[in-house]
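# Structural description and commentary
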Amino acid sequence: MQKLLDGIRDFHERVRPSYRERFARLALGQSPDCLFIACADSRVVPNLFASTDPGDLFVARNVGNVVPPLGSEAGVAAGAAVEFATLVLGVRDVVVCGHSACGAMRAALLGDRPADAPNLDRWLGHVEPSLRRMEREPRLDGSLDPEDRLSQAHVLQQIDHLMTYPAVAQRVAAGELTLRAWWFDLAHAQVLAHDPEAGRFRPLVELMDESAVTPPP
Ligand SMILES: [Zn+2]
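Residues numbered from 1 in each chain as written. Predicted model: local features only at pLDDT ≥ 70, side-chain atom pairs only at ≥ 80, totals over all residues.

So, on to the overall build of the chain. Helix and strand counts for the chain stand at nine helices and six strands. Expected size for 217 residues packed as a compact globule is a radius of gyration near 17 Å; at 18 Å, the chain falls within 12% of this value. When the backbone C-alpha atoms are referred to their principal axes, the chain occupies close to 50 × 45 × 35 Å. Residue burial in the chain is summarised as follows: out of 217 residues, 32% are buried. (Helix = DSSP H or I, 4+ residues; strand = E, 2+ residues; numbered from the N terminus. Rg over C-alpha atoms; globule rule 2.2 N^0.38 Å. Buried ≥ 20, exposed ≤ 12 C-beta atoms within 10 Å, placed from the backbone.)

See below:
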């Protein structure tokens, strides 16, 4: 906690002056371009690896970057974020970003989880479709650890779940919304994106270089 408190002081004394004008503007409203769905993991820092500023990303985070399908009990929270971002904020992109060495994926894969954690048990049940998805994605990088391959398959599965929400499906069909499957490789501090043609995740900067006109998926 001391590090957090020191950080608050540092922000107040050193950073705040250069951000005051921006926050004064943001106090009047937000218009982010993107809903960014990520794991709650402390090492996943979207604003850092995407070099984004306050006001740029509408972020929804939970254990394991789960998007339960529409109609499931747990889908209410994810659905609220999706509906607010699409219907109220009018975002043009939704990113689901998984990451390497994800504790939620390891727990789902190996059953490695604490006793007396019934909520965590139930939540990780949402990873089960991704376990099956992993078997259906043979082109994912076979050199990855199984938990990382699961994590990548899980991102693809959450994209499918997003399409169960009418607010998403209708806008995707109308060309007003793009869904993006991303994965953060912690060890290499690198963002990968799913390349549908290759059937696997590739460094996003490579995909951007190959596609100078249209941003890659
Ligand atoms: Zn995680």
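Our focus in this paragraph is the domain arrangement of the chain. The domain architecture assigned to the chain consists of domain 1 (1-30) and domain 2 (31-210). Relative to domain 2, the C-alpha centre of domain 1 lies at a distance of 28 Å. Each partner contributes residues to the interface: domain 1 has five residues there, and domain 2 has six residues. Taken together, the residues of the side of domain 1 that touches domain 2 break down into two nonpolar, two polar and one charged. (Domains from an automatic or database assignment. Contact = placed C-beta atoms within 7 Å. Nonpolar A, V, L, I, M, F, W, Y, C, P; charged D, E, K, R; others polar.)

We now examine the packing of helix 4 (residues 103-110) against helix 7 (residues 146-162). Where helix 4 meets helix 7, the axes come as close as 9 Å, and the angle between the chain directions of the two elements is 105°. Between helix 4 and helix 7, the crossing angle belongs to the class labelled roughly perpendicular. Between helix 4 and helix 7, the residues in contact are Met105, Arg106 and Leu109 and Pro146, Glu147, Leu150, Ser151 and His154, respectively. When grouped by side-chain class, the residues that make up the contact of helix 4 with helix 7 number four nonpolar, two polar and two charged. (Axes fitted to C-alpha atoms, helices over the stretch in contact; angles between N-to-C directions. Parallel < 35°, antiparallel > 145°, perpendicular 65-115°, else oblique.)

Across the interface, helix 3 (residues 75-88) lies against helix 8 (residues 166-173) with an axial gap of 9 Å and an inter-helix angle of 40°. Classed by the angle they form, the pair helix 3 and helix 8 counts as oblique. On helix 8, the residues touching Val82, Glu83, Thr86 and Leu87 of helix 3 are Ala167, Val168 and Arg171. Here the contact of helix 3 with helix 8 is built from residues that sort into four nonpolar, one polar and two charged.

What follows deals with the sheet that holds strand 5 (residues 190-195). In spatial order, the strands read 2-1-3-4-5-6; together these six strands make up an open sheet with mixed pairing. At either margin of the open sheet sits one strand with a lone partner, and together these are strand 2 (57-62) and strand 6 (200-203). Neighbouring strand axes in the sheet, compared pairwise and without regard to direction, differ in orientation by 30° on average. Both strand 1 (residues 34-39) and strand 2 contribute to a ladder of six bridges, which runs parallel. When the bridges of strand 2 are listed, Phe36 appears paired with Val59. (Pairing = 2+ DSSP bridges.)

Time to look at the confidence of the model for the chain. Overall, the prediction assigns the chain a mean pLDDT of 92, with 97% of residues at 70 or greater. The secondary-structure element of the chain with the lowest mean pLDDT is helix 2 (residues 46-49), recorded at 89, while strand 3 (residues 93-99) shows the highest, at 98. (pLDDT = per-residue confidence, 0-100.)

With respect to the helices and strands, the residue His188 is situated in the loop between strand 4 (178-185) and strand 5. His188 sits in the exposed class, given 10 other C-beta atoms within 10 Å. Placed 181 residues apart in sequence, His188 and Gly7 show a C-alpha to C-alpha distance of 26 Å.

Along its 17 residues, helix 7 runs 24 Å from first to last C-alpha, staying within 8% of the 24 Å computed at 1.5 Å per residue. Where burial is concerned, most of helix 7 is hidden: 14 out of the 17 residues are buried. (Expected span 1.5 Å × (residues − 1).)

Where burial is concerned, most of strand 1 is hidden: six out of the six residues are buried. Bridge count for strand 1 against strand 3 is five bridges, and the pairing is parallel. When the bridges of strand 3 are listed, Ile37 appears paired with Val96.

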